[in-house]
Amino acid sequence: MNPTRPRRSVRARRFGRLGALIAGLAAASVVLSGCLYTMIPESAPRPTSSKSPNTDGVSAELLPFYEQNLEWTDCGGFDCTTVAAPLDWTDPGAGEIELSVIRSRAEGGAEPIGSLLTNPGGPGASGVGLIRDSLSFAVGDALRERFDVIGFDPRGVGESTAVRCYDAADMDAYLFGIPEGERGTDAWSDELLDRHADFAAACDAGSDGILPFITTENAARDMDLLRAVLGDTELNYLGYSYGTFLGATYAKLYPERVGRLVLDGAIDPAIPSLDVGITQGIGFESALRAYMASCLEDDECPFRGSVDEAMADLGTLLAAVDRDPIANADGRMLGADSLLTAIIAALYSQDSWSFLTAALTDVLAGDAGVAFQLADFYYNRSEGVYLDNSTEAFRAYNCMDYPLDSTPEEEAAAEALLGAEAPTVAPYWIGPDPCEVWPYPATGVREPIAAEGAAPIVVVGTTNDPATPYSWSVSLAEQLESGVLVTRVGEGHTGYNKGNACVDGAVESYLIAGIVPEDGLRCE
């Protein structure tokens with residue numbers, strides 16, 4: 001038992017283009033089995049060389065890294081390579097990590113503009129996997145024609161030098177295990193904090209000393225290294241969700257090297273962790289109400305009455321599985337936390353709402369199967385195997401980026417606000433803060449980012465985005481000295497390449513031709 005009452009945490013949900021996975025649920029056997037590669041036609045042998053690295057303004061101690069010449073190998077129709085980066089950018093001689101990089105070469109006949117680096121979010125999502133498995137989801141046709149599209153796994157993630165914590169069995173127990181204590185009691189909080197401490201200790205033991213250096217600032221410095229070794233004088237970048245914080249941090253560190261940056265589904269770098277969780281909780285409640293309004297128009301909807309009545313019934317369902325979890329065929333038990341994870345996963349994309357209806361219909365009938373499929377997609381788990389380390393990396397980045405600086409009074413006010421504004425999700429959104437027992441103190445700071453002197457930076461926000469609420473995009477665009485806001489009116493997470501021609505045109509015209517959108521452009 002922990003001797004003192006743990007800090008209360010309003011749980012932040014991951015910031016990433018999760019909708020790609022959910023929308024692809026019906027085709028999972030293709031995406032997850034690797035059979036996608038058989039659909040890629042054979043092509044002529046690809047050049048293995050890269051442009052000469054750009055070392056302008058690089059200090060002598062960093063030259064060994066910036067002078068790397070890349071050798072690419074074919075990897076299923078793409079080009080792959082690795083890049084060595086300093087473990088500690090403040091002490092480049094203290095050791096190295098490896099960054100995994102994938103390239104989709106420009107498909108058009110014209111000379112490529114250069115490299116377009118991408119990041120799918122997370123933190124912890126694989127940029128290599130995004131390009132390899134979901135290239136057309138990551139970028140539209142116009143960008144693929146004119147750019148060498150680059151995906152990379154940030155430090156700590158995926159195929160780069162990675163955070164390692166639990167095997168699949170231990171991860172299942174950590175993520176899906178039902179606590180013995182009654183929700184909200186001291187015993188419940190102590191039990192969860194003990195679990196978090198065990199997880200943190202496993203991460204520290206399994207990650208070979210890299211945890212103190214898994215920060216967004218270090219990842220942004222890595223991204224400048226990638227720009228340089230790819231031979232580009234400026235960074236062209238398309239970042240989604242958490243990737244907007246990575247891109248904004250890059251602009252803060254290297255404003256003079258900013259080329260054309262698009263930040264889609266922005267995180268506000270100035271707000272603390274407590275406010276992140278509160279705003280997300282309210283955002284998901286809003287998205288859930290929008291889903292429910294749509295569901296009630298369909299005869300297949302398992303709920304009836306008004307939106308308020310249906311939301312109350314959903315709250316009753318969550319409370320019921322919290323008291324009496326439903327057994328799944330694989331032995332896992334579906335409690336309220338896992339059911340809420342399934343709901344959240346489906347709310348990242350309006351295209352996934354039909355899966356949510358199916359899941360809730362089945363849960364009402366005592367069947368947890370579809371709900372666990374959605375929860376598994378959230379954690380990138382398939383047939384009992386975790387396909388990446390996104391959960392471990394998510395924790396590592398957040399615990400290093402967000403200081404524990406909230407007071408008990410602020411936490412109590414946050415709980416009250418969440419309860420008032422998001423009554424359906426609030427009972428399952430709050431718990432002991434896992435970063436309280438992380439083995440290293442946070443080094444990140446929460447502050448506005450202006451990036452003085454940077455070229456125009458386009459920020460895209462979606463009005464009912466649950467994961468990165470629209471207000472964050474507005475705030476980031478206002479903070480950036482050269483920020484330009486483009487608004488997508490609609491549901492779901494992120495705005496580009498979602499079928500809105502206005503947004504797509506603005507983003508692609510800027511990245512390809514440098515045409516800056518009208519600040520405040522609103523795309524219905």
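All of these numbers come straight from a predicted model, not from anything done at the bench.

Draft legend 1. Examining the sheet that holds strand β17 (residues 483–491) more closely. Ordered by their spatial adjacency, 10 strands build an open sheet running β3-β4-β5-β8-β6-β9-β10-β16-β17-β18, and the pairing between neighbours is mixed. The sheet is open, and its two borders are formed by β3 (73–74) and β18 (521–523), each paired with just one other strand. Judged from the 8 bridges that link them, strand β4 (residues 79–86) and strand β5 (residues 96–104) form a sheet pairing that is antiparallel. Paired with Pro86 across the two strands is Glu96, which belongs to β5.

Draft legend 2. Structural detail: the environment of Leu404. Along the chain, the position of Leu404 falls in the loop between α15 (390–401) and α16 (408–421). Note on Leu404: relative accessible area 39%, which makes it partly exposed. Note: C-alpha distance between Leu404 and Asp351 (53 residues apart in sequence) is 36 Å.

Draft legend 3. Spatial organisation of the pattern of salt bridges. Applying the stated criterion across every chain yields a total of 22 salt bridges. Here Arg105 makes a salt bridge to Asp79, at a shortest N to O gap of 3.8 Å. Of this pair, Arg105 sits in the loop between β5 and β6 (114–119) while Asp79 sits in strand β4, and the two are 26 residues apart along the sequence. Take Arg105: its relative accessible area is 27%, and that puts it in the partly exposed class. In this structure, the salt-bridge partner of Arg522 is Glu524, at a minimum N-O distance of 3.7 Å. Arg522 gets classed as partly exposed once you look at its relative accessible area, which sits at 47%.

Draft legend 4. Quick peek at unusual backbone geometry. Omega for the bond connecting Gly122 with Pro123 falls within 30 degrees of zero, at -5 degrees, which places this linkage in the cis form. Note that Pro123 resides in the loop between β7 (121–122) and α4 (127–138). The backbone phi angle of Asn380 is positive, close to 55 degrees, even though this residue is not glycine. As for its placement among the helices and strands, Asn380 is situated in the loop between α14 (369–379) and β13 (381–382). Positive phi, normally seen in glycine, also occurs at Thr494, with a value near 75 degrees.

Draft legend 5. Layout of the environment of Asn236. Turning to its location among the elements, Asn236 is positioned in strand β9 (residues 235–240). Considered as a pair, Asn236 and Ala287 are 51 residues apart in the sequence and their alpha carbons are 32 Å apart. Beyond its immediate stretch of four places on either side in the chain, Asn236 contacts Ser115, Leu116, Leu117, Phe147, Gly259 and Arg260. Within the structure, the side chain of Asn236 is placed 3.0 Å from the backbone nitrogen of Arg260, a separation counted as a polar contact.

Draft legend 6. Seen up close, the state of the cysteines. Throughout the structure, instances matching the rule amount to 5 disulfides. Between the sulfur of Cys295 and that of Cys301 lies a disulfide, 2.1 Å long from S to S. In this structure the cystine formed by Cys295 and Cys301 twists about its S-S bond by roughly 105 degrees; its chirality is therefore right-handed. Classification of Cys301 by relative accessible area gives buried; the value is 3%. Along the protein chain, the cysteines that take part in disulfide bonds pair up as 1-2, 3-4, 5-6, 7-8, 9-10, counted in sequence order.

How each quantity is defined
Residues numbered from 1 in each chain as written. Predicted model: local features only at pLDDT ≥ 70, side-chain atom pairs only at ≥ 80, totals over all residues. Heavy atoms only, no water. Pairing = 2+ DSSP bridges. Helix = DSSP H or I, 4+ residues; strand = E, 2+ residues; numbered from the N terminus. Buried < 20%, exposed > 50% of the residue type's maximum accessible area, 1.4 Å probe, protein only. Salt bridge = Lys/Arg side-chain N within 4 Å of Asp/Glu carboxyl O. Contact = heavy atoms within 4.5 Å. Polar contact = N/O pair within 3.5 Å; in protein donor to acceptor, adjacent residues only side chain to side chain. Disulfide = S-S within 2.5 Å.

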